[in-house]
Amino acid sequence: MAHSTAMEKVFNPDSIEKKWCAIWEEGHYYAPAPNAPKGPYCIMIPPPNVTGSLHMGHAFQDTIMDALTRYHRMQGHKTLWQMGTDHAGIATQMVVERQLQQQGTSRHDIGRERFVDKIWQWKEQSGGTICRQLRRLGASVDWSRERFTMDPGMSAAVQTVFIKLYQEGLIYRGQRLVNWDPVLLTAISDLEVESAEEQGSLWHIRYPIANSKEHLIVATTRPETMLGDTAVAVHPEDSRYQHLIGKKVKLPLTEREIPIIADDYVDQEFGTGCVKITPAHDFNDYEIGSRHDLPKINILTPDAKINDNAPEKYQGLDRFVARKQIVSDLEESDLLEKIEPHTLKVPRGDRSETVIEPYLTDQWFVKVDPLVQPAIDAVKNGEIKFIPENWDKTYYEWMNNLQDWCISRQLWWGHRIPAWYDEAGNIYVGTDEDAIRKEHKLDHTVNLRQDEDVLDTWFSSALWPFSTLGWPEETPELAEFYPTNVLVTGFDIIFFWVARMVMFGIKFTGKVPFEEIYIHGLIQDHKGQKMSKSKGNSIDPLDLMDGISLEDLIHKRTQGLMQPKMAAQIIKDTKKQFPKGIPEYGTDALRFTFCAMATNGRHLRFDLARLEGYRNFCTKIWNAARYVLQNTSDVTATCTTDTVIDKWILSKWQQVKQDFTKHFLDYRFDLAAHDIYDFTWNTFCDWYLELSKPNISTGTKQNLKFLLGEMMQLMHPIMPFITEEIWQLLGNTDYLITHNYPTIEPSLDSPEAEKTVELLQRIITAVRNFRGEMDLSPRQEIDILIPLQNKAGENIDEKGQTIIHDNLQLLTALASIKHVRWENATQACYLGATGTTLEVLIPIHGLIEKDAAQSKIQNKIQKLDKEIAKCKAKLENAKFMQNAPEEVKQQEQQRLTDWQTQQQNYKQCLEHLDT
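Residues numbered from 1 in each chain as written. Predicted model: local features only at pLDDT ≥ 70, side-chain atom pairs only at ≥ 80, totals over all residues. Heavy atoms only, no water.

In this section: helix α5 (residues 112–126). For α5, which comprises 15 residues, the first-to-last C-alpha distance of 21 Å matches the rise-based estimate of 21 Å (1.5 Å per residue) to within 8%. All of the buried residues in α5 are Arg-112, Phe-115, Val-116, Ile-119, Trp-122 and Lys-123. Down the axis, α5 shows its buried residues gathered within 115° of arc, on one side only. The exposed set on the far side of α5, more than 90 degrees from its buried face, consists of Glu-113, Glu-124 and Gln-125. Buried residues in α5 make contact with α3 (89–102), α4 (107–110), β4 (147–148) and β21 (454–455). (Helix = DSSP H or I, 4+ residues; strand = E, 2+ residues; numbered from the N terminus. Expected span 1.5 Å × (residues − 1). Buried < 20%, exposed > 50% of the residue type's maximum accessible area, 1.4 Å probe, protein only. Arc of directions from axis to C-beta. Contact = heavy atoms within 4.5 Å.)

The following block contains the structure:
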């Protein structure tokens, strides 16, 4: 058990963070508590790639999950945050392949078995980076239960699911169009395709009508695919072409004729209203080809060269070389109408960066139709709840348009498909070859070969919520923690992961995998751009926590970049944004920043200024704790209501606890962070500590110590390190990580005490503002006048007078008020503040010349005039109102309101100065 020690003068996050990470993990405080008083609470971590390192999206998401886990642990739940990593098929294979290339060899040279062995070796040696980084973030996952998607237990679950689905006819092998990476030579998922606008061309090609002098003009951005055209489509109601429907055109540069067909898909207003149909090389064309029973002609090899289905002249050419040759031949044949510059979205592989091809190939698929409806019903009937709720519409839209899922990948690393073929091409599916031979009575004269492909990484990820708990075995963990409570994930993988987990969870357990799905936005840089290494705007969360020099930061951002121009721009931008590198902000400050950012928006802008502010917040907490500890060493922490100040702070604190808890349960971490920040900085530090200083009683000392402890409890889920350290320094004998969460005490609500202190605050603030605006010393004593009747003719109540009389000593100590006089102004006064029926007037005689005071106020009014005009112009700008995020518009509107209020107060000041 840790013991209370002297508190360091300066807050040093590095030393306390490493210490507490070790203590918590070594003490097994992250594991589910066997004697927890409340029921289970479980979150599954979205398994990061074993090759990966912590990026801002991970750090944000993991902070949210850790905050939820710590909150429920302190609430007495038996919490399990299930940890694990994904084998990341393509990413991991590429890492090891690059290593082999550096050694002058390849996976094909060493063979599949040795290559897979090398990946396992790499995983054991280098695959733990992200786990070490998660520990650094303070992630309280149960490390003793860490899983890996290629572990024997997980692999058994994958195999069981594949075999059962195949036996039920829900997995089949067929020929369909897929995203094909011609560099990696594998099918890839939509999530692994990044489409971005690029400058290209639109070629308008003449297709001669057979037995006619007429021709149709068809536009395309990929003229090489013309060699695989099997039709030209027009809209059935397009009067220009109705007479041609059913006729044929000569496919340029080939000996083939193809039909003119009618299909509603064609937009008759776009271009000429004629569309070339290439079913083997375009997803939309594939659907049209299926509707019209068109042949599907693949004209590419796996590495994107023209194959033998094309005219001999083009065979063997790379697709882009073939493109140039085809355009040249079309011009020579007078079949090229025109070429126009064109901006188009080009799909590239996120790993290879090559242009992805829609490619017709034999793959394994999951038949999704029988799985879809139960997954839709689970959301409709409330078994699963989306937060925010509007995401259910996106979910329904996608589920209702779901295509069969391609689950095979042409890789060596992954779960190898448990299917074997005999020489006649018959397929046998089972756990291994011996089991298949036994089941199908095949002796060893029948040659069997296993399918070379592996399963899509998303297939094993879809089983994550129940396979990590021991399924298909009926384990105690599965019985206790499944269904899990909440899935925390970004909206970008609702389709790829969330929906598939729901479908498989219901199919194989009969239960939904989680009760709630909290969908958060995606982290962007301060300009609203996606963070990426290629843009040079990504930030390593560990660099924010620990700091990094400018030189090391530039090296990290430009390492591996092959384009000198891009590297030069990144260096320039980095020097501009971080002229002195990145200072150490600490983990608590970063975690608090993430929670404060967690609005319901789709995009979350990360701003270093906010992180700097929350680093200052940590320092504020530390300094407040030092003050409390220095002044309360002779008392124990006890909730006392000796003074009106104590009653006031405890009453305010009950409301904060109530609001904070509600926001947490509503997944509004931004509002929870705002509430605790405002209370800690403004209410506790700026007011309670100051109000307690003039005459600090034993009761107030006890209350200070008690309240600081409860604040640490409340903040712990978001800021675990600084709170645990201060908790120990307060002399507590247990660890905060497992301490009970603070409860709300309605008996401590005191509206009267709140009104009393709010009145005193208005008077003190009024006087302080006057000093600041008139450049007067804080120690210079002044008189104030409080009219018994304000300008509106309202009388100040007797209770207000009594409050001021009873607290004159406090007002004198905190605002240097010499006298309070209950009378109307008979000389020039500064209007310091207004309350509901209260005016605070400050005679300026002997403090500042009347003209000087008026001049200062006039200057402030003029400055506000300019700011108000700018703000109004922005809010009246149609472009700004249309494009700006809702959050930004609200901030601008609030700014206008605040400035207008300030200006009105200053104008009232001028009126009183004219008295």
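Picking up where we left off.
Two side chains of opposite charge can pair, provided their charged atoms sit close to one another. For the structure on display, the rule yields 43 salt bridges. One salt bridge in this structure joins Arg-895 and Glu-892, with 2.7 Å as the shortest N-O distance. Note that Arg-895 and Glu-892 are positioned in helix α31 (residues 886–913) at a spacing of three residues, about one turn of the helix. Through salt bridges with shared partners, a single network forms among Asp-14, Glu-17, Lys-18, Arg-136 and Asp-546. (Salt bridge = Lys/Arg side-chain N within 4 Å of Asp/Glu carboxyl O.)

Time to look at helix α28 (residues 808–815). All buried positions along α28 are accounted for by Leu-810, Leu-811, Leu-814 and Ala-815. Buried residues along α28 cover an arc of 100° about the axis, so they all sit on one side. Buried-residue contacts for α28 involve α22 (644–665), α23 (669–692), α26 (751–773), α27 (798–806) and β27 (817–821). Just downstream of α28, Ser-816 is the residue with a positive phi angle, here 50°.

Judged by pairing direction, the sheet is mixed, and its four strands sit side by side in the order β10-β11-β9-β12 without closing on themselves. Of all strands in the sheet, those bounded by a partner on one side alone are β10 (248–250) and β12 (275–277). Looking at each pair of strands side by side, their axes are set apart by 35° on average, direction ignored. As paired elements, β10 and strand β11 (residues 257–262) share three bridges and run antiparallel to each other. Bridge pairing links Lys-250 to Glu-257 in β11. (Pairing = 2+ DSSP bridges. Axes fitted to C-alpha atoms, helices over the stretch in contact; angles between N-to-C directions.)

Before going further, it helps to spend a moment on unusual backbone geometry. Cis peptide bonds are those with omega within 30 degrees of zero, and the linkage from Ile-387 to Pro-388 qualifies with -5°. The linkage connecting Trp-471 with the following residue, Pro-472, adopts the cis geometry, with an omega of 15°. By secondary structure assignment, the location of Pro-472 is in the loop between α14 (464–467) and α15 (476–481). Phi angles above zero are rare outside glycine, and Ala-88 is one such case at about 50°. Position of Ala-88 relative to the elements: it lies in the loop between β3 (84–85) and α3. Notably, Glu-353 is not glycine yet its phi reads approximately 65°, a positive angle. With respect to the element layout, Glu-353 can be found in the loop between β13 (336–349) and β14 (357–366).

With that out of the way, let us pick up the packing of aromatic side chains. Where two aromatic rings form a pair, the distance of their centres and the angle of their planes describe that pair. Under the defined criterion, the tally for this structure stands at 40 aromatic pairs. Pairing Phe-11 with Trp-622 gives two aromatic rings, centres 5.4 Å apart and planes at 40°, and the pair type is tilted. With Phe-11 in the segment before α1 (13–26) and Trp-622 in helix α21 (residues 608–631), the pair connects residues that are 611 residues apart, well separated along the chain. In this structure, Phe-11 and Trp-622 share a single accessibility class: buried. Considering the side-chain rings of Tyr-29 and Tyr-735, the 5.2 Å spacing of their centres and the 80° angle between planes classify their relative orientation as edge-to-face. (Phe/Tyr/Trp six-rings, centres within 6.5 Å; stacked < 30°, edge-to-face > 60°.)

Turning to the packing of helix α20 (residues 587–597) against α21, a few remarks are in order. Remark: α20 packs on α21, axes separated minimally by 8 Å, with the N-to-C direction vectors making an angle of 125°. Here α20 lies oblique to α21, going by the angle between them. Viewed along their axes, α20 and α21 form a crossing whose handedness is right-handed. Packed against α20, whose contacting residues are Asp-588, Ala-589, Leu-590, Phe-592, Thr-593, Ala-596 and Met-597, the element α21 presents Arg-610, Leu-611, Tyr-614, Arg-615, Phe-617 and Cys-618 at the interface. Classifying every residue of the contact of α20 with α21 gives nine nonpolar, one polar and three charged. (Parallel < 35°, antiparallel > 145°, perpendicular 65-115°, else oblique. Left-handed = near helix turned anticlockwise from the far one by under 90°. Nonpolar A, V, L, I, M, F, W, Y, C, P; charged D, E, K, R; others polar.)

Below, the discussion takes up the environment of Ile-764. Inspection of the secondary structure puts Ile-764 in helix α26. Sequence separation between Ile-764 and Ser-750 is 14 residues, and the spatial gap between their C-alpha atoms is 21 Å. Among all residues touching Ile-764, those that are not within four sequence positions of it are Trp-687, Leu-691, Leu-811, Leu-814 and Ala-815.

So, about the packing of α21 against helix α24 (residues 698–715). Orientation of α21 relative to α24, taken along the N-to-C sense of each, is 150°, at an axis distance of 9 Å. Classified by the angle between their axes, α21 and α24 sit roughly antiparallel to one another. Two packed elements cross with a definite hand, and for α21 against α24 that hand is left-handed. Side by side, α21 and α24 meet where Phe-617, Ile-621, Ala-625, Tyr-627, Val-628 and Asn-631 of the first sit next to Lys-701, Leu-704, Lys-705, Leu-708, Met-712 and Met-715 of the second. For the contact of α21 with α24, a count of residues per class yields nine nonpolar, one polar and two charged.

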